[in-house]
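# Commentary on secondary and tertiary structure
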Amino acid sequence: MKKLLAIAATLFAMTLLSACSNKIENPEMQQCAQQNYQCEASCEQQSTADGLVHKVCSNKCIEAYNQCKANAEKLGEVK
């Protein structure tokens, strides 16, 4: 449980720092970061951090984030 809280806190801090340092200009990028945080937190709740299930879940989060980010960047170019 402590490990889960530590990981969740770390992910939240990274998301927050990344949002502050990058000065995210479009809300779509912020939404991607929030969705990624929620996805990773869900993975942590569903499986152990060392297991294959967690790795597969985490990889799906990364793929979804990368796709979301690509779409958000395209939207940013349009505006």
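Here, every reference points to the structure presented above.
None of these values were measured; they are calculated from a predicted model. (Residues numbered from 1 in each chain as written. Predicted model: local features only at pLDDT ≥ 70, side-chain atom pairs only at ≥ 80, totals over all residues. Heavy atoms only, no water.)

## Things to note about the overall build of the protein chain
- Regarding its fold elements, the protein chain presents three helices and zero strands.
- For the protein chain, the sequential pattern of α-helices and β-strands runs α-α-α.
- The 79 residues of the protein chain split such that 27% are buried.
- About 5800 Å² of surface is accessible on the protein chain, with carbon and sulfur atoms providing 59% of the total. (Helix = DSSP H or I, 4+ residues; strand = E, 2+ residues; numbered from the N terminus. Buried < 20%, exposed > 50% of the residue type's maximum accessible area, 1.4 Å probe, protein only. Areas by Shrake-Rupley, 256 points an atom, 1.4 Å probe, with all protein chains shown as cover.)

## Quick word on the state of the cysteines
- Counted according to the given criterion, the structure contains three disulfides.
- The disulfide bridge from C32 ends at C68, spanning 1.9 Å between sulfur atoms. Measuring the twist about the S-S bond at about -85°, one finds the C32-C68 disulfide to be left-handed. Of this pair, C32 sits in helix α2 (residues 27-46) while C68 is found in helix α3 (residues 52-78), placing the two residues 36 residues apart along the sequence. The burial state of C32 is the same as that of C68; both residues are buried. (Disulfide = S-S within 2.5 Å.)

## Overview of the side chain of E40
- Inspection of the secondary structure puts E40 in helix α2.
- Reaching out from E40, the side chain makes a polar contact with the side chain of S58 at a distance of 3.2 Å. (Polar contact = N/O pair within 3.5 Å; in protein donor to acceptor, adjacent residues only side chain to side chain.)

## Examining the side chain of S47
- Take S47: it is sitting in the loop between α2 and α3.
- For S47, a relative accessible area of 14% gives the class buried.
- Side-chain polar atoms of S47 contact the backbone oxygen of C43, separated by 3.1 Å.
- Looking at S47, its side chain comes within polar contact range of the main-chain nitrogen of H54, at 3.4 Å.

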